[in-house]
Amino acid sequence: MPATIPLLLAVALVGLCIGSFLNVVIHRMPKMLERGWREQCAELAGKPPGEEPVFNLWVPRSRCPACGHAIRATDNVPIVSYLRLRGRCAECKAPISVRYPLVEALTGVLSVCAVLRFGATPAALAACVLVWTLIALTFIDFDTQLLPDNLTLPLLWTGLLANTLGAVPSVSLRDAVIGAIAGYLALWTVYWLFKLIRGKEGMGYGDFKLLAALGAWLGWQLLPVIVLLSSVVGAAIGMTLIVFKGRDHSVPMAFGPFLAIAGAIALFFGPTLVKTFFP
């Protein structure tokens, strides 16, 4: 079914709303993980659990980090509220990071791209789920150098489920299973080789799981393309940060965002890339 203008507008609106929710996930999930780790440490140490207020993706309401003012629904409309408030808190006028509307816009644009690429089909919905999760993982890893199992493992299983249901064009369930296994083992092998040679870790286990998830979604055939693209993207961004931002080249960079970007590119242009790089 071809995408119509009303459909694309509806998809863009949904994408913007999903992007607003992804901002919550990006901000809160690392804090939720830290709280869980503290509770586990206290339990192992035999200490009584601390009485902390409920904190998850839904509770409490979003607040301004500067003044604690609860954000009203009218001030939480994707992009529109940011523009109307001129990028400042409605109460204390503290600046709001431009990243919030950028995440919303990116989610809306990629959602529309998914429908344009795959039409009004289950494949487009599957592509949106993949892209939305990759956006959350990208910014979480960029901020914290963490790729939460809460996202990577469900992404892997939903990839296998999507291919079981035939929702991903040109990828069989066999290709998806091999892709999940090969994706994990590829970076697992690199990790141990690097550690044996250099005596330190070169990446985290979350990277293995993310590449395994991408293999489960896109099949083993695209794994070489994803690894190649992630290396190119990583080198380009790393050099840009060193040249223009003065970043110390000895400071480690999260590899997850580069894998996620490469995975999104492979999602939209996979067959063309395979023919280009591996004719």
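Before going into details, it helps to say that this report is about the structure given with it.

The rules behind the values
- Residues numbered from 1 in each chain as written.
- Predicted model: local features only at pLDDT ≥ 70, side-chain atom pairs only at ≥ 80, totals over all residues.
- Heavy atoms only, no water.
- Helix = DSSP H or I, 4+ residues; strand = E, 2+ residues; numbered from the N terminus.
- Rg over C-alpha atoms; globule rule 2.2 N^0.38 Å.
- Buried < 20%, exposed > 50% of the residue type's maximum accessible area, 1.4 Å probe, protein only.
- Salt bridge = Lys/Arg side-chain N within 4 Å of Asp/Glu carboxyl O.
- Patch = residues over 30% accessible without salt bridge, like charges linked within 9 Å, V, L, I, M, F, W, Y side chains within 5 Å.
- Areas by Shrake-Rupley, 256 points an atom, 1.4 Å probe, with all protein chains shown as cover.
- Contact = heavy atoms within 4.5 Å.
- Polar contact = N/O pair within 3.5 Å; in protein donor to acceptor, adjacent residues only side chain to side chain.
- Axes fitted to C-alpha atoms, helices over the stretch in contact; angles between N-to-C directions.
- Parallel < 35°, antiparallel > 145°, perpendicular 65-115°, else oblique.
- Left-handed = near helix turned anticlockwise from the far one by under 90°.
- Nonpolar A, V, L, I, M, F, W, Y, C, P; charged D, E, K, R; others polar.
- Expected span 1.5 Å × (residues − 1).
- Arc of directions from axis to C-beta.

## Some remarks on the overall build of the chain
Scanning the chain from N- to C-terminus turns up nine helices and zero strands. Tracing the chain from N to C terminus, the helices and strands come up as α-α-α-α-α-α-α-α-α. Computed over the C-alpha atoms, the radius of gyration of the chain is 20 Å, within 12% of the 19 Å expected from 2.2 N^0.38 for a compact globule of 279 residues. When the backbone C-alpha atoms are referred to their principal axes, the chain occupies close to 60 × 55 × 45 Å. Per-residue burial over the chain gives 42% buried out of 279 residues.

## Looking at the pattern of salt bridges
All told, the structure shown has four salt bridges when counted by the stated rule. Measuring nitrogen to oxygen at the nearest pair gives 2.9 Å for the salt bridge that ties aspartate 75 to arginine 72. On the accessibility criterion, aspartate 75 (11% relative accessible area) is buried. With relative accessibility at 39%, the residue arginine 72 sits in the partly exposed group. Aspartate 149 serves as the salt-bridge partner of lysine 209, at 2.8 Å between the closest nitrogen and oxygen. One end of the pair, lysine 209, is in helix α7 (residues 205-218); the other, aspartate 149, is in helix α5 (residues 149-164), and 60 residues separate them in sequence. Judged by relative accessible area, which is 34%, aspartate 149 ranks as partly exposed. Three or more residues joined by partner-sharing salt bridges are found here, namely Arg72, Asp75 and Arg84.

## Remarks on unusual backbone geometry
Of note, the amide linkage connecting valine 59 to proline 60 takes the cis form, showing an omega dihedral of 0 degrees. By the element assignment, proline 60 lies in the loop between α1 (5-44) and α2 (80-84). With a phi close to 55 degrees, glutamine 145 is a non-glycine residue in the positive phi region. Classification of glutamine 145 by relative accessible area gives partly exposed; the value is 46%.

## Considering a nonpolar patch on the surface
On the surface, Leu173, Val177, Ile181, Leu185, Trp188, Trp192 and Tyr205 cluster together to form a nonpolar patch covering roughly 620 Å² of accessible area. Looking at the nonpolar patch, the element that brings in the most residues is helix α6 (residues 173-198), giving six residues. Examined against the element boundaries, valine 177 turns out to sit in helix α6.

## Observations regarding the environment of alanine 212
On the secondary structure map, alanine 212 appears in helix α7. Judged by its relative accessible area of 2%, alanine 212 is buried. In this structure, alanine 212 is in contact with Leu156, Gly179, Ala180, Gly183 and Tyr184, ignoring residues within four places of it in sequence.

## Examining the side chain of aspartate 75
Following the sequence through the fold, aspartate 75 ends up in the loop between α1 and α2. A distance of 2.9 Å separates polar atoms of two side chains, one belonging to aspartate 75 and the other to arginine 72. A polar side-chain atom of aspartate 75 sits 2.5 Å from a polar atom in the side chain of arginine 84. Not counting residues up to four positions away in its chain, the partners in contact with aspartate 75 are Ser81, Arg84, Leu85 and Ala90.

## Digging into the environment of phenylalanine 21
Position of phenylalanine 21 relative to the elements: it lies in helix α1. Between the C-alpha atoms of phenylalanine 21 and valine 103, which are 82 residues apart in sequence, the distance is 9.8 Å. Discounting chain neighbours no more than four positions away, the residues touching phenylalanine 21 are Leu57 and Trp58.

## Observations regarding the packing of α6 against α7
Packing of α6 against α7 leaves a shortest axis separation of 7 Å and a crossing angle of 155 degrees. Here α7 runs roughly antiparallel to α6, going by the angle between their axes. When the axes of α6 and α7 are compared, the crossing they make is right-handed. Residue-level inspection shows Asp175, Ala176, Gly179, Ala180, Gly183, Tyr184, Ala186, Leu187, Trp188, Tyr191 and Trp192 of α6 in contact with α7, the latter providing Tyr205, Asp207, Phe208, Lys209, Leu211, Ala212, Gly215 and Ala216. Of the residues assigned to the contact of α6 with α7, the class counts are 13 nonpolar, three polar and three charged.

## Let's talk about α5
Taking 1.5 Å per residue as the helical rise, α5 with its 16 residues ought to reach 22 Å, and the 22 Å between its terminal C-alpha atoms agrees with that figure. Where α5 is concerned, the buried positions are Leu151, Thr152, Leu155, Leu156, Gly159, Leu160, Ala162 and Asn163. End-on view of α5: buried residues confined to an arc of 165 degrees, all on one side of the axis. In this structure, the buried residues of α5 make contact with α1, α4 (122-144), α6 and α7. Positive backbone phi, approximately 75 degrees, marks glycine 166, located one or two places after α5.

Keep in mind these numbers describe shape, not what the thing actually does.
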